[in-house]
Amino acid sequence: MKTAHFKRSKSRPLWYTINHSPVFILGGIEDEKTILLSDTSFQDYSLVELSIDSCWVGSYYCPMLEFSATIHDAISTESTLFIRQNQLVYYFTGRYSSLFDNSRSSSSWVRVLASECIKRLCPVFIHGNGSEYILALTTGKHEGYIHIGTITDGLVSFRMVPEKWSICDKFIGTNCSINWATYITDEKILLLLVQVLSWDSALVYNLVSFNLETQNLEVLYVLPLFIPEAQGLDFLVLDGTEPYTTTSMVPKGLFFNTFNNMLYIWGNFILQSYNRIHFIYLADFPKESTIKYMVNSYQGDMAFVTEKDEIWYFLEGGYDVYQIIPSKGWSIYFNLQKMHQSSLFAEQEFLVSVFYEDGQLYQLIYLLESGNERLVKRVLPVAQLLLYNQNNPVTLQKHGSYRMPFFTNFCPFKVMRLRDLPKKQHFARQELYHAPPPLVSESLGFHNNKTLAVYQGLVYYLLWLHSKYDKPYADPVHDPTWRWWEQKTQYKDYYFYLSSNWLAAEGVYIDMSSYQKLYNISNDYGLPETVFLDKGNAFSFTIFLSSDDDTFKLNSNPVTGYQVEKKLAVAVAVADPDCLKASVKQEVLLNRKAVLYRITIKDRKVCYDQGLSGHNLKKTSMMVKVLGSSGKCFQTSYSGTSMQGHLMVPVLIGCPPGKRLAFDVTYTILHSRELNKHYFDCGRTNPEMPCFLFRDCVFHPFSRVHCPPVLAILSPLPSSLCVQPSAPTPSSPPLPSCSSLDKANFFLPSSPSQPTVFQPFFLIQDMVTGDSGSFLGSYLLKVVGGGHTIDTIRDYTEEEIYHYNSPLDKTNSLIWKTKVERTTLDKKFYIMSYQSPGIEWLCLENSPCHDITPQNIFAPEFFLKLLVSNRGVDTSTYCDYQLIFVLHMHGLPLSGKRSLFIVIVSISLLVGLVVFYILFLLLWPHIVRAWISLRWKINNIMASESYYTYATSNPAFSFQSHSGSEQSYKEGSKEETIVKKEVVA
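Here the structure is a predicted model, which means the values were calculated and not measured. (Residues numbered from 1 in each chain as written. Predicted model: local features only at pLDDT ≥ 70, side-chain atom pairs only at ≥ 80, totals over all residues. Heavy atoms only, no water.)

### What about the sheet that holds strand 3 (residues 34-38)?
Alright, step 1. Pairing is antiparallel in the open sheet, where three strands are placed in the order 2-3-4. The sheet terminates laterally at strand 2 (24-26) and strand 4 (46-49), the two strands that pair on one side only. Taken over all neighbouring pairs, the strand axes of this sheet differ in orientation by 30 degrees on average, direction set aside.
Alright, step 2. In the sheet, strand 3 pairs with strand 4 via four bridges, with the strands oriented antiparallel. Opposite I35, over in strand 4, you have V48 as the bridge partner. (Pairing = 2+ DSSP bridges. Helix = DSSP H or I, 4+ residues; strand = E, 2+ residues; numbered from the N terminus. Axes fitted to C-alpha atoms, helices over the stretch in contact; angles between N-to-C directions.)

### Quick notes on the state of the cysteines
Alright, step 1. Under the criterion given, the structure shown has five disulfides.
Alright, step 2. A disulfide bridge connects C168 with C176, and the sulfur atoms are separated by 2.1 Å. Because the torsion about its S-S bond is -80 degrees, the bridge between C168 and C176 counts as left-handed.
Alright, step 3. Across a sulfur-sulfur distance of 1.8 Å, C579 and C607 are joined as a disulfide pair. The sign of the S-S torsion, about -85 degrees, decides the handedness of the disulfide formed by C579 and C607: left-handed. Linking C579 in the loop between strand 42 (570-574) and strand 43 (580-589) with C607 in the loop between strand 44 (594-603) and strand 45 (618-626), this pair joins segments that are 28 residues apart in sequence. (Disulfide = S-S within 2.5 Å.)

### Here's the deal with the pattern of salt bridges
Alright, step 1. Under the criterion given, the structure shown has 23 salt bridges.
Alright, step 2. Close ionic contact of K188 with E213 constitutes a salt bridge, the shortest N to O distance being 3.4 Å. One end of the pair, K188, is in the loop between strand 13 (174-184) and strand 14 (189-197); the other, E213, is in the loop between strand 15 (203-211) and strand 16 (216-222), with 25 residues separating them in the sequence.
Alright, step 3. When its relative accessible area of 30% is taken as the criterion, K188 is described as partly exposed.
Alright, step 4. Through salt bridges with shared partners, one network takes in D609, R871 and D880. (Salt bridge = Lys/Arg side-chain N within 4 Å of Asp/Glu carboxyl O. Buried < 20%, exposed > 50% of the residue type's maximum accessible area, 1.4 Å probe, protein only.)

### As for the pairing of strand 12 (residues 155-161)
Alright, step 1. The pairing of strand 11 (residues 146-152) with strand 12 spans seven bridges and is classified as antiparallel. For T150, the partnering residue across the bridge sits in strand 12 and is S157.
Alright, step 2. Where strand 11 hands over to strand 12, the hairpin turn is made up of two residues, of which D153 adopts a positive phi near 55 degrees.

### Re helix 4 (residues 382-389)
Alright, step 1. By the burial criterion, the buried members of helix 4 are V382, A383, L385 and L386. Projected down its long axis, helix 4 carries its buried residues within an arc of 165 degrees, all on one side.
Alright, step 2. Those residues of helix 4 hidden inside the fold are in contact with strand 26 (311-315), strand 27 (321-325), helix 3 (328-339), strand 29 (360-368), strand 46 (634-637) and strand 47 (640-643). (Arc of directions from axis to C-beta. Contact = heavy atoms within 4.5 Å.)

### Examining the sheet that holds strand 56 (residues 816-818)
Alright, step 1. What the three strands build is an open sheet, ordered 51-57-56; its pairing is antiparallel. The sheet is open, and its two edges are formed by strand 51 (757-758) and strand 56, each paired on a single side.
Alright, step 2. With two bridges connecting them, strand 51 and strand 57 (residues 839-841) associate as antiparallel partners. What sits directly across from F758, in strand 57, is I839.

### Re the side chain of N260
Alright, step 1. Mapping N260 onto the fold places it in the loop between strand 20 (251-257) and strand 21 (262-267).
Alright, step 2. Polar contacts involving the side chain of N260 include one to the side chain of E316, which spans 2.9 Å. (Polar contact = N/O pair within 3.5 Å; in protein donor to acceptor, adjacent residues only side chain to side chain.)

### What to know about the nonpolar core
Alright, step 1. Counting residues in each nonpolar core, the largest one holds 97 residues, and the members touching the most others are L135, I146, I167, L190, L192, V194 and L271.
Alright, step 2. Per-element accounting of this core gives the leading share, seven residues, to strand 14.
Alright, step 3. In this view, V194 contacts I167, F171, C176, S177, I178, V204, Y205, N206 and V208; residues no more than four positions away in its chain are not counted. (Core = buried A, V, L, I, M, F, W, Y, C linked by side-chain atoms within 4.5 Å.)

### Observations concerning the environment of V626
Alright, step 1. Its place among the elements puts V626 in strand 45.
Alright, step 2. Considered as a pair, V626 and C411 are 215 residues apart in the sequence and their alpha carbons are 9.7 Å apart.
Alright, step 3. Not counting chain neighbours up to four residues away, the residues in contact with V626 comprise P412, F413, M416, L545, L568, A569, V570 and G645.

### Concerning the packing of aromatic side chains
Alright, step 1. With the rule as written, the count across this model stands at 45 aromatic pairs.
Alright, step 2. Plain terms: the ring middles of W330 and F345 are 6.2 Å apart, the flat faces sit at 40 degrees to each other, and that makes the pair tilted. Of this pair, W330 sits in helix 3 while F345 sits in the loop between helix 3 and strand 28 (348-357), placing them 15 residues apart in sequence. Grouping residues by exposure puts W330 and F345 together as buried.
Alright, step 3. Feature note: the residues Y473, F663, F692, F758, F762, F775, Y779, W841, Y881 and F885 constitute an aromatic cluster, connected by ring pairs.
Alright, step 4. One Lys or Arg, R660, reaches over the ring of Y469 and ends 5.2 Å from the middle of that ring.
Alright, step 5. In this structure, K782 is placed above the aromatic ring of F829, and the distance from its NZ or CZ to the ring centre is 4.2 Å. (Phe/Tyr/Trp six-rings, centres within 6.5 Å; stacked < 30°, edge-to-face > 60°. Lys NZ or Arg CZ within 6 Å of the ring centre and 35° of its normal.)

### Considering the packing of helix 3 against helix 4
Alright, step 1. Where helix 3 contacts helix 4, the two axes come as close as 7 Å, and the packing angle between them is 115 degrees. Overall, the two elements helix 3 and helix 4 adopt an arrangement that is roughly perpendicular. Seen along the crossing, helix 3 lies across helix 4 with a hand that is right-handed. Facing K328, G329, W330, I332, Y333 and L336 of helix 3, the residues of helix 4 in contact are Q384, L385, Y388 and N389.
Alright, step 2. Along the lines of polarity and charge, the residues of the contact of helix 3 with helix 4 split into six nonpolar, three polar and one charged. (Parallel < 35°, antiparallel > 145°, perpendicular 65-115°, else oblique. Left-handed = near helix turned anticlockwise from the far one by under 90°. Nonpolar A, V, L, I, M, F, W, Y, C, P; charged D, E, K, R; others polar.)

This is the structure we're talking about:
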């Protein structure tokens, strides 16, 4: 890094998407294709040279006064970096480490809008609608058009507006140009600063509004040609009748604060407006200076940087503009820091940029000292500089026989405190975990690589549990860490014994109870930085102000008696009165010379429709101001000096982050058991996905309805369903013991067969506060997918979803029905609630769950993919809850045809076996006789062959053998006769 990089360069703005950009980039280094890159808010940084082409594409349609290698505009978003060099625009998406690789960085930068001449990039500081935005202003052939860049999940796309005509076509005059643009994401409106040269050769500046949805153009305000005359005034309301100076009004840019709806037009003046139509001129800013850029903290503070690198401060909601650099207060503060030999200050400094971080104003300064030139980031203590700037007059008052000096205090109050504060963690929606490192068993207690690896694994597993907890089926205990120690708590004392006796395997001891999620943090010492409000929600706090002796005065009134004449007043303002309601209750404490203001901010239930948790929230704010305290009241503590008397809190209206809808399978099973008198799980149980019976069936000796085989196998409830919830709600009673449930599973009612009623229950789980209560709103339930197994589930088409769920279906395809009479406006779907009578499974002929072929000895089963959504049917919340879960059904009946086929086949097989048995009994004696006769003939043939062979070889012996054979034949005949008689008998 060279000194010349900053000596020739003026300060430049730091542009990025608020609370989203992981890195910051700064261009503006003269004649260098380099940027400053930092991912630590410039605690450290890198100077990166960009390998991009600098080709000159200027022509008659793209005028360019000069060519430079300087990176003029640099903007960072969550996933993309944008830069402008001359008229060329590039963006970078990928790993930031590749920026330092010269062989890859050239291909990483993508050039966009190649056929356009871009004269300026304008940032959009606030994201909206799930995307980030950037504005590119064109010149040349497309003068009067704006290119809106949309960044969604790292994908960049540009759209040119207006679509069919130019902005300049709507103005009369020449040399029309759009000098600045800002985008209001919530309203989808562009605010443009349009310059036109009128026919009398006067430059006229117009504030223009362009609606992206309706393509409607409206001129909101025409700026005066000259700066108003407001000598001796803090501000001046512009109504057209005020006097003007001879200094031309030259606007440079626009800024719109989405949180308080304040619009600022700045240049060699500052105009502010609450409604974009009527403007107020802030007279404290001198017309001799010209603002180069401005920064906002979105907490009520603003800073302006001029062309001469002067820094001015402005507190929103007021009218006073303060110069802090250079100033008397800055000179005092600078000299004090030099006396303390601070390393962040030097005699020669160059301002690089100014920006806000966590409500603090910071300077990025290049210090030029002999042998120690460096870039530093330092805090700019605005409150302390304003305190040093005060000119407190000194008066001498007689105190006894002496005269003592007294300094006049301009602050209208003595002490200001906040009481009865809302829980910061709950309203700021912060999820916190307590994960201490394990205890080391060694005598020194120092960690080594093994113990650090164990701790790293514990933290990783905790984060994994946090991400895994967002699942459709709700756990019996609303805590992500519950499953971690569910089966290990009984061994807690054993592990402690091993560690206490130096017998632990890894030399560490992990306290199970210390790893937990924190729901109530008690460090509520101030208001939350941001407040999230759901429909009809409210928050309140109390301001305590102690006053001087002469602040209150009792006046006697003959009608109302004594009244308090108060000189201390508090104003509460909301940016959107149609959305928020503010109420203030005052209590005067005369004996303590103090006053209490109880302030309540409540949502009016009208400014938001429905949205996903934490997405597309309505941005507004609440401001509290003690009148007369702006720039005059300070509090000094060990952490520094801070301003008092002014509070601004951004408020986000909509569905707060961290709220979700979950299937309350625990209570659904218990309610099903109570409603249907029993609960039968599958033969092969799955604790994560219990089964639900399609149709009720009983074992009754005289019942003509036969139960499927699965009902003969009774499985106990999963053990997880027997755990007592941490906070049972009135609609979710405590869970009984496992032993009682096991006994109940074998209860067989004697009532006749009837359809099983399935009544699902759902929970609203708050991941921040730990609350888990039943969902009491309305919802739509649809079957959106299904399959014979969990792996063969497919999503249904829109037409199939209609046929399977709609009461208007005429194709005999319904999967379920209900007795609920409330439906959507088009009568297509039922509207359910927790009070609904439940649903009955049908699985009609043309449905996918009809006539399922059994795959084993168990009854058929089917997996249904259910969608539960309260979109458009629930008015109790701003949250658009959508839950998709898989329901495992078993015991599905067979179709009539298949049942008849099975009966016919079974009867046929049975009849065949009986006929075969009868035939076997009738034919068996004949078969035996035939077999014996066959054996006799075979033996006879074999004996005859042996006889003739022997007789031929020995004639002398032939006769004797023949006599012997006859005798043997007679004996054999007698034996056969006896056997035949026995068979006949």
